Amino acid sequence: MLCSAEAESAWCCSCEKDLLIKDNGCPVCANVSPGGLICGHCLKAPPQVSSTIVPLHYQYPTDHLIRLFKYKNCIGLARPFARLIVDQLLRSNKLPDLIIPVPLHKSRQRQRGYNQSLELAKQLGKHLNIKTDYRSCKRIKNTAPQSSLSFKERSKNIIGAFSFNGATLPDHIAIIDDVITSGATINELAKMINPTGDKKIEAWAVAKA
Ligand SMILES: [Zn+2]
Ligand SMILES: [Zn+2]
């Protein structure tokens, strides 16, 4: 998808080298943090998620691939994207017991025909043998795309965007999104499914903007 070479996956080995693999970020929020230490923001005000796994930087060619994945029906990208996330997991500890994709509002899902985060979650679930739960949470507010807003507007925009049916969930969960920008979306969903804060919630995504 990135050059004219023949490839078994969505991109060839030499293009894979162009994907900017992210390392040395804050282990909690994945923001830039020298030496991979927990960043000042997370120390001062710990977010809802205990760790963030995100293999790529949201830069060319990753941004191009994600746009194809999200808006151009290239659902097949879910598999190689999931592989990149799994590669980063091998270094971390215990796997979660449940995967929850960030839900799309039903009108947007109807328009798009699919939820890219669910497609990603399905591949991760298959790979890691973890159940995917796409029924317990819904997006009830059709929010403006986070990418069109400033950092501050993002956390406001997302408040009250989700509903949760109160299902009994395991104590260790990964929330899946395609791109993490400010982290506000996943944190809002985490707050919803873990109001008492006693569960361990991780954030997994393909890229960090
Ligand atoms: Zn290539
Ligand atoms: Zn941090």
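Small disclaimer: the values here were computed from a predicted structure and weren't measured.

Rules behind the numbers
By convention here, each chain's residues receive numbers from 1 onward along its written sequence. Note on labels: chains are lettered from A, ligands numbered from 1, in written order. At least 70 in pLDDT is required for a residue's local features to be given in this predicted model, at least 80 for side-chain atom pairs to be given and counted, and no such filter applies to totals for whole chains, interfaces and linings, which use all residues. Heavy atoms from the whole structure form the basis of all side-chain values; hydrogens and water molecules are not counted. Coordinating donors are taken to be N, O and S atoms lying within 2.8 Å of the metal, or within 3.2 Å when the metal is Na, K or Ca; because water is excluded from the atom set, some sites may appear incomplete. Put simply, DSSP H or I for four residues or longer makes a helix, DSSP E for two residues or longer makes a strand, and each gets a number counted from the N terminus. Irregular is the default label, applied whenever a site is not tetrahedral (four donors, all angles between 85 and 135 degrees) and neither square planar nor octahedral (four or six donors, opposite donors over 155 degrees apart, all other angles between 65 and 115). In what follows, salt bridge is the name for a side-chain nitrogen of Lys or Arg lying within 4 Å of a carboxyl oxygen of Asp or Glu. For the exposure calls, accessible area comes from a 1.4 Å probe over protein chains only, and a residue counts as buried if that area is under 20% of its type's maximum, exposed if over 50%, partly exposed in between.

(A) Layout of the coordination of the zinc ion (ligand 1). The coordination sphere of the zinc ion (ligand 1) contains the protein donors Cys3 (SG), Cys12 (SG) and Cys15 (SG), at a distance range of 2.2 to 2.3 Å. The sequence pattern formed by the donor residues of the zinc ion (ligand 1) is C-x8-C-x2-C. Taken together, the positions of cysteine 3 in the segment before helix H1 (13-16) and cysteine 15 in helix H1 put the pair 12 residues apart, joining distant regions of the chain.

(B) Examining the coordination of the zinc ion (ligand 2) more closely. Distances from the zinc ion (ligand 2) to its protein donors, Cys26 (SG), Cys29 (SG), Cys39 (SG) and Cys42 (SG), fall within 2.3 Å. Relative to the metal, the four donor atoms surrounding the zinc ion (ligand 2) lie at angles of 105 to 115°, and the coordination shape comes out tetrahedral.

(C) Spatial organisation of the pattern of salt bridges. Enumeration according to the criterion identifies six salt bridges in this entry. Of the charged contacts in the structure, one is a salt bridge between lysine 122 and glutamate 119, with a shortest N-O distance of 3.4 Å. Of this pair, lysine 122 and glutamate 119 are both found in helix H6 (residues 116-128), three residues apart, which corresponds to roughly one turn of the helix. Among the residues examined, lysine 122 registers a relative accessible area of 42% and is labelled partly exposed. Classification of glutamate 119 as buried rests on a relative accessible area of 16%. Among the ionic pairs, lysine 199 bridges to aspartate 171, the shortest N-O distance being 3.6 Å. Placement of the pair is lysine 199 in the loop between helix H8 (184-193) and strand E8 (200-208) and aspartate 171 in the loop between strand E6 (162-164) and strand E7 (172-180), with a sequence separation of 28 residues. Relative accessible area serves as the criterion here: at 54%, aspartate 171 is assigned to the exposed category.

(D) Quick look at unusual backbone geometry. Cis geometry marks the peptide bond from tyrosine 60 to proline 61; its omega dihedral reads 0°. Residue asparagine 73 is not a glycine yet carries a positive backbone phi of 65°. Here asparagine 73 falls in the exposed class, since its relative accessible area comes to 55%. Even without a glycine there, the phi angle at asparagine 129 is positive, about 60°. Here asparagine 129 falls in the exposed class, since its relative accessible area comes to 73%.

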